[in-house]
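Observations on the three-dimensional arrangement
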Amino acid sequence: MDALQTKRSTAGKVQLFSSFFSGLQNAYGTYDPVSGRSWQVKKLVTEKTILDHLRGKSPYGVYLLVEGRTRAIVTDFDLADYSPPHEFMSRAKHYGLPAYIEASKSKGFHAWIFFGQEGAKASKARLVVKNILEEIGYSDTEVFPKQDFLDQRACFGNFINAPLFGGLVPMKKTVFVDPGTFDPFPDQWDFLESVQRANEHLLDEIIEMNGLRSANEGGLKPKNDTTEQRTSGHSLPPCAQRILTNGVSHFQRVSCFRLAVHFKRMGLPYDITVAALKTWALKNTPPNGKGVIQDSEILKQTSCAYDHGYKGYGCNDPAIKPFCDPNCPVNEWRKQR
Ligand code: SF4
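Our subject in this report is the structure included herewith. What you are looking at is a predicted structure, and each value in this text was computed from that prediction instead of being measured. (Residues numbered from 1 in each chain as written. Predicted model: local features only at pLDDT ≥ 70, side-chain atom pairs only at ≥ 80, totals over all residues. Heavy atoms only, no water.)

An ideal rise of 1.5 Å per residue puts 16 Å on 12 residues; helix α10 (residues 270–281) measures up with 16 Å between its terminal C-alpha atoms. Those residues of α10 that fall on the buried side of the exposure criterion are Thr273, Val274, Leu277, Trp280 and Ala281. Taken end-on, α10 shows its buried residues confined to a sector of 120°, consistent with a single buried face. Against the buried residues of α10 lie α8 (238–246), α9 (252–266) and α11 (295–307). (Helix = DSSP H or I, 4+ residues; strand = E, 2+ residues; numbered from the N terminus. Expected span 1.5 Å × (residues − 1). Buried < 20%, exposed > 50% of the residue type's maximum accessible area, 1.4 Å probe, protein only. Arc of directions from axis to C-beta. Contact = heavy atoms within 4.5 Å.)

Below is the structure:
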């Protein structure tokens, strides 16, 4: 396998590569492939920098953070264990975020999530990724960019070694791998062209729906303390009351999940919530002769709500929106943000 050996032109490859792995233009990182020692190079990132990387002459490390934005966010799993990156990828997918796994230069793996050319706010991307890591039990994993923004203390940030270093590609290192087999994709350029990029709007939704807040706002914790006060302590918001009282005809699964999240927030034990949701299911009126949500699905949705840190209200969810009350205090709070 050769990083540059395929049907595409060299210029096309440099362009494609740069569309994923670019950041600060006035500095980059590199390392000695033999000793592993790494250092910063205070020079412009040029086409030659990229070509030297792809040809295996000199590795290129990218400083992703530029003016508080980033084109990618990377988690660095440093163990030779497939499960953490795999779990991360699955959890990211649950949130609608496409993640891709790269076999790093050493024994571990990087999981990449890419954004469009305009990038995404690093603070949002880091918040969402750290939440995913916490959910899968790997909260100590390093995340790049390591900062939300650059300041006098971190005027460059930290670089992450870019994939496809020509000197390691033949050893199946620094290549993207099939998450099913962990074998390298046979054509890394075809793979890159197929990559889906996430957008900032999705990060906003994940942050809102799960009530996440950054360390600056008091840690990676749900915002429920304040929002609960805005919804009269531990009562159900109007949307949930309507769903619970009248049942639903569509989106039974999502409605079930959202009700379970509310019940958990209210402090109801798991068993009571399951019993309440089974009673609720009997009120549902799915169209076209479809059946009401099965007990097994109620158990699954309730477990999902109780096992993870979901606290959001799902206000933007198409299943919840039709039941929204414009006078809901949460609505007021959302407008003020
Ligand atoms: S704003 Fe609307 S959707 Fe959100 S919690 Fe209140 S009633 Fe429900």
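Now that the structure has been shown, the text picks up again.
Membership of the largest hydrophobic core comes to 49 residues, with the highest contact counts inside it found for Phe88, Leu97, Ile113, Phe115, Leu277 and Trp280. What leucine 97 contacts, discounting residues up to four positions off in sequence, is Ala92, Ile113, Val128, Ile132, Ala198, Leu202, Leu203 and Ile206. Within the second largest apolar cluster, 30 residues are counted, among which are Val45, Tyr60, Ala72 and Ile160. (Core = buried A, V, L, I, M, F, W, Y, C linked by side-chain atoms within 4.5 Å.)

So, on to helix α2 (residues 47–54). Most of α2 sits out of view: 6 of its 8 residues are buried. When we look at burial in α2, the residues that qualify are Thr49, Ile50, Leu51, Asp52, His53 and Leu54. The elements touched by buried residues of α2 are α1 (10–20), β1 (28–31) and α5 (188–194). The first or second residue beyond α2 is glycine 56, which carries a positive phi of 85°.

What follows is about the site of the ligand. With respect to spatial proximity, the complete set of residues near the ligand consists of Pro237, Pro238, Cys239, Tyr313, Cys315, Ile320, Cys324, Asp325, Cys328, Val330 and Asn331. Every element with two or more residues in the shell around the ligand is listed here: α8 and α12 (329–336). (Near = heavy atom within 4 Å.)

The strand order β9-β5-β7-β6-β11 describes an open sheet built from 5 strands, whose pairing is antiparallel. Each edge of the sheet is formed by a strand with only one pairing partner; in this case those strands are β9 (142–144) and β11 (175–176). Bridging between strand β5 (residues 72–77) and β9 involves 3 bridges; their strand directions are antiparallel. The residue bridging threonine 75 from the neighbouring strand is valine 143, located in β9. Running at roughly 30° to β5, helix α4 (residues 122–136) makes contact with β5, β7 (109–114) and β9 of the sheet. (Pairing = 2+ DSSP bridges. Axes fitted to C-alpha atoms, helices over the stretch in contact; angles between N-to-C directions.)

The next subject is unusual backbone geometry. Cis peptide bonds are those with omega within 30 degrees of zero, and the linkage from phenylalanine 144 to proline 145 qualifies with 0°. The topology assignment puts proline 145 in the loop between β9 and β10 (160–161). With a phi close to 65°, phenylalanine 182 is a non-glycine residue in the positive phi region. Within the secondary structure, phenylalanine 182 sits in the loop between β11 and α5. With a relative accessible area of 9%, phenylalanine 182 lands in the buried category. Located in the positive-phi region is asparagine 288, a residue other than glycine, with phi close to 55°.

Moving on: the packing of aromatic side chains. Evaluation of the coordinates by the stated rule reveals 23 aromatic pairs. Measuring from ring centre to ring centre gives 6.0 Å for tyrosine 63 and phenylalanine 156, while their planes differ by 50°; the resulting arrangement is tilted. On the criterion of sequence distance, the pair formed by tyrosine 63 in the loop between β3 (61–62) and β4 (69–70) and phenylalanine 156 in the loop between β9 and β10 is long-range, its members being 93 residues apart. When the centroid spacing of 4.6 Å and the interplanar angle of 10° are considered together, the rings of phenylalanine 185 and phenylalanine 191 count as stacked. The class of phenylalanine 185 is partly exposed, set by a relative accessible area of 21%. A relative accessible area of 6% places phenylalanine 191 in the buried class. The structure contains a cluster of three or more aromatic residues connected by ring pairs, namely Phe17, Phe20, Phe21, Tyr28, Tyr60, Tyr100, Trp112, Phe114, Phe176, Phe185 and Phe191. The residue whose ring lies beneath lysine 105 is tyrosine 31, and the NZ or CZ to ring-centre distance is 4.8 Å. Over the ring of phenylalanine 20 we find arginine 197; its NZ or CZ atom is 4.0 Å from the centre of that ring. (Phe/Tyr/Trp six-rings, centres within 6.5 Å; stacked < 30°, edge-to-face > 60°. Lys NZ or Arg CZ within 6 Å of the ring centre and 35° of its normal.)

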